[in-house]
Amino acid sequence: MKKILVIASVALFTACTSKNSGGNESSTSGTGTSTQMKDITSPYPINYSSKFAIDDPKYAEALLNLWKEWDNGDLSKSKDKFADTIEMHFSDGTTMKASRDSVIAMGQKMRTSLGTVVSSVDAIMALKSTDRNEHWAAIWGMEKDTDAKGKSDSSYMQEIWRFDSTGKANLMYQYRQAGAPPKMMKK
């Protein structure tokens, strides 16, 4: 199931990352960003954008570092990676738009309650919305949490983060699915 979810997610996201070029094949500039891709023809109105290109890897690396600092349990190291105000949409439906300091404080409280966290990454990419001139990073992976009593839980994660012109995160959307239940051990 995990492989199907990851493959479907990557395929869907890849299908939505084309850039307008009037039918030319893709190519790359010296920065590694795609400069020419075909338009997407969609039977649905695209509310945000369908014009994406591969972007500078520094945005993906920033997101990987945010995940690692979450795993390590010390969000104070993340402070400089956030814009002054950040908006976050979590998988449980809650939304937060607050100052960087408030987000760090609330995140640290939540992280401390989890005990041990170990994440694994299945895929990550940096993307640029070319018609909006915005930088994004998308990540797929799994988070395994173990509380103080030794109870473990896991979930598949997808997150998309937007970064401002200075490279600081200012928006995040999170999607989560419960991991497989633990296997029963024979007595």
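Reading guide: rules and limits
Residues numbered from 1 in each chain as written. Predicted model: local features only at pLDDT ≥ 70, side-chain atom pairs only at ≥ 80, totals over all residues. Heavy atoms only, no water. Salt bridge = Lys/Arg side-chain N within 4 Å of Asp/Glu carboxyl O. Helix = DSSP H or I, 4+ residues; strand = E, 2+ residues; numbered from the N terminus. Buried < 20%, exposed > 50% of the residue type's maximum accessible area, 1.4 Å probe, protein only. Phe/Tyr/Trp six-rings, centres within 6.5 Å; stacked < 30°, edge-to-face > 60°. Lys NZ or Arg CZ within 6 Å of the ring centre and 35° of its normal. Pairing = 2+ DSSP bridges. Axes fitted to C-alpha atoms, helices over the stretch in contact; angles between N-to-C directions. Contact = heavy atoms within 4.5 Å. Polar contact = N/O pair within 3.5 Å; in protein donor to acceptor, adjacent residues only side chain to side chain. Core = buried A, V, L, I, M, F, W, Y, C linked by side-chain atoms within 4.5 Å.

## Topic: the pattern of salt bridges
So, point 1. Taken as a whole and judged by the stated rule, the model has six salt bridges.
So, point 2. D39 is the partner of K51 in a salt bridge, and the nearest nitrogen-oxygen pair spans 3.3 Å. Of the two residues, K51 sits in the loop between α1 (2-15) and β1 (52-54) while D39 sits in the loop between α1 and β1, which places them twelve residues apart along the sequence.
So, point 3. Overall, K51 belongs to the partly exposed group, its relative accessible area being 23%.
So, point 4. One salt bridge connects E143 with R176, and the closest N-O pair in it is separated by 3.8 Å. You can see E143 sitting in strand β5 (residues 134-146) and its partner R176 sitting in strand β7 (residues 169-178), a full 33 residues away along the chain.

## Digging into the packing of aromatic side chains
So, point 1. Scanning the entire structure with this criterion turns up three aromatic pairs.
So, point 2. Measuring from centroid to centroid gives 6.0 Å for Y48 and W136, while their planes differ by 85 degrees, and the two rings are edge-to-face. Here the residue Y48 occupies a position in the loop between α1 and β1, and W136 occupies one in strand β5, the gap between them amounting to 88 residues.
So, point 3. The exposure class assigned to Y48 is partly exposed, which follows from its relative accessible area of 32%.
So, point 4. Note on F82 and W161: the rings are 6.1 Å apart at their centroids and 40 degrees apart in plane angle, and the pair reads as tilted. With F82 in strand β2 (residues 82-89) and W161 in strand β6 (residues 152-163), the pair connects residues that are 79 residues apart, well separated along the chain. Like W161, F82 is buried.
So, point 5. Seen from the ring of Y48, R132 lies directly overhead, with NZ or CZ sitting 3.9 Å from the centre.

## Here we look at the sheet that holds β7
So, point 1. An order of β1-β4-β5-β6-β7-β2-β3 is seen for the seven strands of this open sheet, with the pairing classed as mixed. Of all the strands in the sheet, the pair left with one neighbour each is β1 and β3 (95-99). If you compare each strand with its neighbour and ignore which way they point, the axes differ by 25 degrees on average.
So, point 2. Across three bridges, β1 lies against strand β4 (residues 116-129) in antiparallel orientation. Considered in β4, the bridge of F52 is made with S129.
So, point 3. Lying over the sheet, helix α3 (residues 100-114) contacts β2, β3, β4 and β5, oriented at roughly 125 degrees with respect to β3.

## Some points on the side chain of E143
So, point 1. Judged by relative accessible area, E143 falls into the buried class, the value being 7%.
So, point 2. For E143, the side chain forms a polar contact with the side chain of W70, separated by 3.3 Å.
So, point 3. Among all residues touching E143, those that are not within four sequence positions of it are W70, L114, V117, V118, S119, D153, S154, S155, M157 and R176.

## Some words on the nonpolar core
Side chains of a nonpolar character, in soluble globular proteins, are inclined to be buried together.
So, point 1. L63, F82, I86, W161 and F163 are the most contacted members of the largest nonpolar core, which totals 24 residues.
So, point 2. Secondary structure elements with two or more residues in this core: α2 (58-72), β2, β3, α3, β4, β5, β6 and β7.
So, point 3. Among the elements that take part in this core, α2 stands out by supplying seven residues, more than any other.
So, point 4. Discounting chain neighbours no more than four positions away, the residues touching F163 are Y59, A62, L63, H135, A137, K168, A169 and N170.
So, point 5. Ranked by size, the runner-up nonpolar core spans nine residues in total, among them M125, L127, W136 and L171.

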